[in-house]
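Spelled out, the chains give:
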Amino acid sequence: MKKQSLLILLTILSFTGYAQIKFESGYFIDNTGAKTLCLIKNKGWKDNPNQIEYKLADTTKILIGTIRNIQEFGVDNLKYIKATVDIDRSSQDLNQLSENKNPQFNEEELFLKLLIDGEAKLYMYEEGNLKRYFYNITNADIKQLVYKIYKVSTTKIDKNNHYRQQLWTNLSCESISENNVKKTSYNKSSLTKYFIKYNSCKDPNYENSQQREKRDLFNLSIKPGVNFSSVSIPSDFLGYDNTNDFGGKSNFRLGVEVEFVLPFNKNKWSVFVEPTFQNYQSDIQLTPKSIVQNPNPDPELASINYKSIELPIGLRYFMFISDTSKLFVNAAFVTDFAFDSDLYLERTNQAEELKPGTNVIGGLGFKYNDKYSIEGRLASGREISNAFEYTSFSLIFGYTLF
């Protein structure tokens, strides 16, 4: 079972590794100020890049533009501006906190992601666990909004929230109260709201050109389908000769999926949880081993009744074919909760309660218009009782409610 599980996971990972992110219409401005329209490989960059891959309209050759020769680029409502800024890279890891309350600035040349455009602009720089926010007003220099966690003693930490003073001093307006500033947290959502509020106060007709299209980050779907399942019996099962499997069965399955789309890499990744009801029932005749006292034993009944709620928790990757169509692959670990399930053997005249283990699944599917989906899903073997192994392949249909 472990080898099957590993094979499924490696297959899924290698498949996603070959999936391509497409080139999309964009532009870049070089250091001379010249603007070039081109096709940029849109990676949805979680971490701020320091270079881009692009193609000119009249060629298929992939070119590289770096922070050395590009001062701005944009693609799909994403815009990055090159700036030389003072950045504080102090760690926020509790085991590596500085004892210095003040930021420790280093001058660096970076591509900053423009979050809010307008009279007051908000930028973000992200690299691993490091997130820093920057701002400027009109054509002033870009400065970091200062926020730092620091160590007061071995048992106490504190926060430098100087960014709130910066907002109150430099971005105040009639409709913004001191309480608005106090409630502004050092994160993308909270700072974005504050800068939009400030720009709207300064200009009642303000519209943020960098406000991204609102995406669905939460999906709820119903997942009916058919399981093609079998239960194998170990060849050396005690007391029986020429043991057969319980045989393949097709049974209805019904799941409800909750999916959370991760807000980076162009929403290509998601995590999902899909509690699913499944049912498997089968009866067979087993032949006991012959003994001197009974050289021709009669077959004996063996029956299995296996009902459970499976709980896959997994990761999904989307590959966009068009604006309405996309392929996806996923992999998940499955915990199983059996109920009213047993294995009956006529020899013992007893029903043994089934106690399933865990396994993994891998799937390949197609989704249309963010509503309808079909998926083929292969599961590794799952031990359910005394080396009896349950395996399945599922054909799953999906309808996304919202």
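Look up a bit, the structure's there.
Figured I'd write up the structure that's included with this text. On a predicted model such as this, the values are computed, not experimentally measured, just so you know.

**Quick notes on the packing of helix α2 (residues 162-170) against helix α4 (residues 188-202)**
And then number 1: Contact geometry of α2 with α4 gives a least axis separation of 12 Å together with a crossing angle of 10°. Classified by the interaxial angle, the pair formed by α2 and α4 is roughly parallel. Counting all contacts with α2, which are made through Tyr163, Leu167, Trp168 and Asn170, the residues of α4 involved are Leu191, Tyr194, Phe195 and Tyr198.
And then number 2: Split by residue class, the contact of α2 with α4 holds 7 nonpolar, 1 polar and no charged.

**Here we look at the pattern of salt bridges**
And then number 1: This structure, assessed with the given rule, holds 15 salt bridges.
And then number 2: With a shortest N-O distance of 3.9 Å, Lys46 and Asp47 are connected by a salt bridge.
And then number 3: When its relative accessible area of 33% is taken as the criterion, Asp47 is described as partly exposed.
And then number 4: Of the charged contacts in the structure, one is a salt bridge between Arg316 and Glu257, with a shortest N-O distance of 2.9 Å.

**Digging into the environment of Val258**
And then number 1: Considering the arrangement of structural elements, one finds Val258 in strand β15 (residues 249-261).
And then number 2: Given a relative accessible area of 24%, Val258 falls into the partly exposed group.
And then number 3: For the pair Val258 and Glu274, spaced 16 residues apart in sequence, the C-alpha to C-alpha distance is 6.3 Å.
And then number 4: The contacts of Val258, once residues within four sequence positions are left out, are Phe218, Asn219, Leu220, Val271, Phe272 and Val273.

About the criteria used
Residues numbered from 1 in each chain as written. Predicted model: local features only at pLDDT ≥ 70, side-chain atom pairs only at ≥ 80, totals over all residues. Heavy atoms only, no water. Axes fitted to C-alpha atoms, helices over the stretch in contact; angles between N-to-C directions. Helix = DSSP H or I, 4+ residues; strand = E, 2+ residues; numbered from the N terminus. Parallel < 35°, antiparallel > 145°, perpendicular 65-115°, else oblique. Contact = heavy atoms within 4.5 Å. Nonpolar A, V, L, I, M, F, W, Y, C, P; charged D, E, K, R; others polar. Salt bridge = Lys/Arg side-chain N within 4 Å of Asp/Glu carboxyl O. Buried < 20%, exposed > 50% of the residue type's maximum accessible area, 1.4 Å probe, protein only.

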